[in-house]
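# Geometric and topological summary
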Amino acid sequence: MDRTFSEIETAPRHEIRALQSLRLSQMIRRVYDRVPLYRQRLDEAGIKPDDIRSVDDLPKLPFTYKQDLRDSYPYGLFAVDRSELREIHASSGTTGKQTVVGYSANDLKVWGEMAARALVAAGADKTDYVHVSYGYGLFTGGLGLHYGANTLGASVIPVSSGNTARQIQILRDFGSTILCCTPSYAAYIGETMRDMGVKPSDISLKAGIFGAEPWTESMRVQIEELLGIKAYDIYGLSEVMGPGVSYECSAQSGMHINEDHFIPEIIDPETGEVLPEGEEGELVFTCITKEALPLIRYRTRDVASLSYEPCSCGRTFVKMKKPAGRTDDMLIIRGVNVFPSQIESVLLTQPGVTPNYQIIVDRAGTLDTMEVLVELSPEAAFDTVRLVEQREKALRAAIESTLGIAVKISLVAPKSIERSEGKAKRVIDKRNI
Amino acid sequence: MTIKQLSVFAENKSGSLAKITDALEKAHIDIRALSIADTTNFGILRLIVDDPDKAYDAMKEADFTATLTDVIGIGVPDEPGGLAKALRVLEDASVSVEYIYAFLGVHDRTAYVIIRVDDNDGAEKVLESAGIRLLRPEELYNM
């Protein structure tokens, strides 16, 4: 039996379920009273709060979609007023509008506890130095793990991302024992260390918690070898909370979901039907304790499956498989969510180009690269290389500011992007993940 | 009295240039002068042809990114210093040269030079004052 941060992680299933049912019924009453969109949706479905008494009633409830958050931008779905809103975060959304999320004081406390559970599952305790190399800011990665370390009582080093040489100097000198960042960045740090002649025995890291983008078993092995650590997975999304919605334990066979706060379901993305244990489908979460932004049956668009099999670590929380893909066209590049449609909307505002583009995603070493091929409009007027370069530069600036990541732009001749059956193939992903 | 030059965007891929010259051939266009500015990924092909408007239409038909640009054409003596004199005139008048290419005439001992400048009117004025022969468009097109 592994050490856990909270007792409930090893509670009997019937206790967890009873707690979920109680919290769900309270949550529905609360959002009915406070969130106009939910009152409207529940009324339309003919559901009164009193109709929801247990987890079994969950399928009666309507789904919530990312579009609902976009439509209510920025604070339309919040269930607290300003004086209770302690913190605001945001993630990338399509057409340049971010998805805005909020936290009450209690929400932040819960978040810290969820992330602490993940840290303990990775073997951390109060004596550890938690080195956080996720970006700090509106992105929930940095602060999420930071709060987790605070809640655990460990010593947090808030390095944020970038400046790899300095990261390595800090790893050597500050005695970091737990590394938190994206898996591709962890591999990059490892390779940079190797190039600098720094050995795993020169640093004190014993484990790492990596998430915010998909990664394979072979990447795990690579990271473990490069850094001399055990590498653990973590999952989350800002809308549901941030990192810590689920986390890997010593068994490393799936991630335990914090069911006392988030009730998971797997549904058929076409029909909305709830699928049985073990079947793959879209992951849906209901946030039963969140105060600022409680969501009912939020469709994550991640594809996964659930398992209630007993775990060797002793935890009784349900395990989710690492997400196997998306139900939409979102890409994750260097930890940032990118929607191909964002590019199209930028191209429509740019002179000299058509909205025909192709994204080529690859991995040079450990970091993702993204090249955007854009078809020139036949009307574009270039008689010098300088004019073409200016156009490329302007396009790159516009696309980078919308997507939030650096990209390469290549202007190509009209009609040169391959089309099959009339539809252009928009994304070529050469990464093996 | 500027010359119409056709510029065509060509990707740095095998067959790119051939596609352009094929399309010109199909439209019965005769090329008078040609130059290309190339980078790693693409080139800008510049052409003086016998019928620039017809050539432009042919390029559009074939889905090429093409444009017509007004450039200056001059005729200078085919001897050492022939070009240098013209460029000195432009430099003295602070006219900036964007690009330039030249070819020999078939009949007289004249070199023909195509120059893209930042100020066509200004350039024409100073060149004429210095006694440098400006080419009429028809002279080039009908060579």
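Rules of the game
Residues numbered from 1 in each chain as written. Chains lettered and ligands numbered in written order. Predicted model: local features only at pLDDT ≥ 70, side-chain atom pairs only at ≥ 80, totals over all residues. Axes fitted to C-alpha atoms, helices over the stretch in contact; angles between N-to-C directions. Helix = DSSP H or I, 4+ residues; strand = E, 2+ residues; numbered from the N terminus. Parallel < 35°, antiparallel > 145°, perpendicular 65-115°, else oblique. Contact = placed C-beta atoms within 7 Å. Nonpolar A, V, L, I, M, F, W, Y, C, P; charged D, E, K, R; others polar. Pairing = 2+ DSSP bridges. Expected span 1.5 Å × (residues − 1). Buried ≥ 20, exposed ≤ 12 C-beta atoms within 10 Å, placed from the backbone. Domains from an automatic or database assignment.

## A short note on the packing of helix α4 (residues 105-121) of chain A against helix α5 (residues 140-152) of chain A
All names here are of chain A. With their axes 7 Å apart at the nearest point, α4 and α5 run at an angle of 80° to one another. The pairing of α4 with α5 is recorded here as roughly perpendicular in orientation. Along the contact surface, α4 presents Leu-108, Trp-111, Gly-112, Glu-113, Ala-115, Ala-116, Ala-118, Leu-119 and Val-120, while α5 presents Gly-144, Leu-145, Tyr-147, Gly-148, Ala-149, Asn-150, Thr-151 and Leu-152. Here the residues of the contact of α4 with α5 sort into eleven nonpolar, five polar and one charged.

## Points about the interface of chain A and chain B
Of the residues lining the interface, 16 residues belong to chain A; the matching set on chain B comes to 19 residues. Secondary structure elements with two or more residues in the side of chain A that touches chain B: α10 (385-403) and β19 (408-412) of chain A. Considered class by class, the residues forming the side of chain A that touches chain B number eleven nonpolar, three polar and two charged.

## Quick look at the sheet that holds strand β11 (residues 281-287) of chain A
All names here are of chain A. Pairing is antiparallel across the open sheet formed by three strands, whose spatial order is β10-β11-β12. Of all the strands in the sheet, the pair left with one neighbour each is β10 (262-267) and β12 (298-304). The average angle at which neighbouring strand axes cross in this sheet is 30°, direction not considered.

## Some thoughts on the sheet that holds strand β9 (residues 255-257) of chain A
All names here are of chain A. One open sheet holds the nine strands; their spatial order is β4-β3-β5-β6-β7-β8-β9-β14-β13, and the pairing between them is mixed. Edge positions in the sheet fall to β4 (155-157) and β13 (306-307), since each has one partner strand and no second. Pairing of strand β6 (residues 207-210) with strand β7 (residues 230-237), which is carried by four bridges, proceeds in the parallel orientation. Across the sheet, the residue bridging to Gly-208 is Ala-231, located in β7. α5 rests against β3 (129-132), β4, β5 (178-181), β6, β7 and β8 (242-248) of the sheet, and its axis sits at about 65° to β8. The strands touched by helix α8 (residues 217-227) within the sheet are β6 and β7, with β7 carrying the most contacts at an inclination of about 125°.

## A short note on α5(A)
All names here are of chain A. Taking 1.5 Å of rise per residue, the 13 residues of α5 would be expected to cover 18 Å, and the 18 Å separating its terminal C-alpha atoms lies within 8% of that figure. Counted residue by residue, α5 has twelve buried out of 13 residues, so it is predominantly covered. Within α5 the residues assigned to the buried category are Thr-140, Gly-141, Gly-142, Leu-143, Gly-144, Leu-145, His-146, Tyr-147, Gly-148, Ala-149, Thr-151 and Leu-152. Trailing α5 by a residue or two, Gly-153 shows a phi angle of about 95°, which is positive.

## Remarks on the domain arrangement of chain B
When the parts of a complex come together, some accessible area is lost, and that lost area is often taken as the interface size. Residues and elements named next belong to chain B. As far as domains go, chain B holds domain 1 (3-69) and domain 2 (70-141). Between the C-alpha centres of domain 1 and domain 2 the distance comes to 22 Å. Facing the eleven residues of domain 1 at the interface are 13 residues of domain 2. With four residues, the top contributor of residues to the side of domain 1 that touches domain 2 is strand β2 (residues 31-38).

## A short note on unusual backbone geometry
Omega for the bond connecting A:Tyr73 with A:Pro74 falls within 30 degrees of zero, at -5°, which places this linkage in the cis form. Along the polypeptide, A:Pro74 turns up in the loop between α3 (66-71) and β1 (87-91). Unlike most non-glycine residues, A:Asn163 shows phi in positive territory, near 50°. Since 12 C-beta atoms lie within 10 Å of it, A:Asn163 is described here as exposed. Of note, the phi angle at B:Asp63 is positive, near 65°, even though the residue is not glycine. The residue B:Asp63 is located in the loop between α2 (52-61) and β4 (66-77) in this model. Under the C-beta neighbour-count criterion, B:Asp63 is labelled partly exposed, with 15 such atoms within 10 Å.

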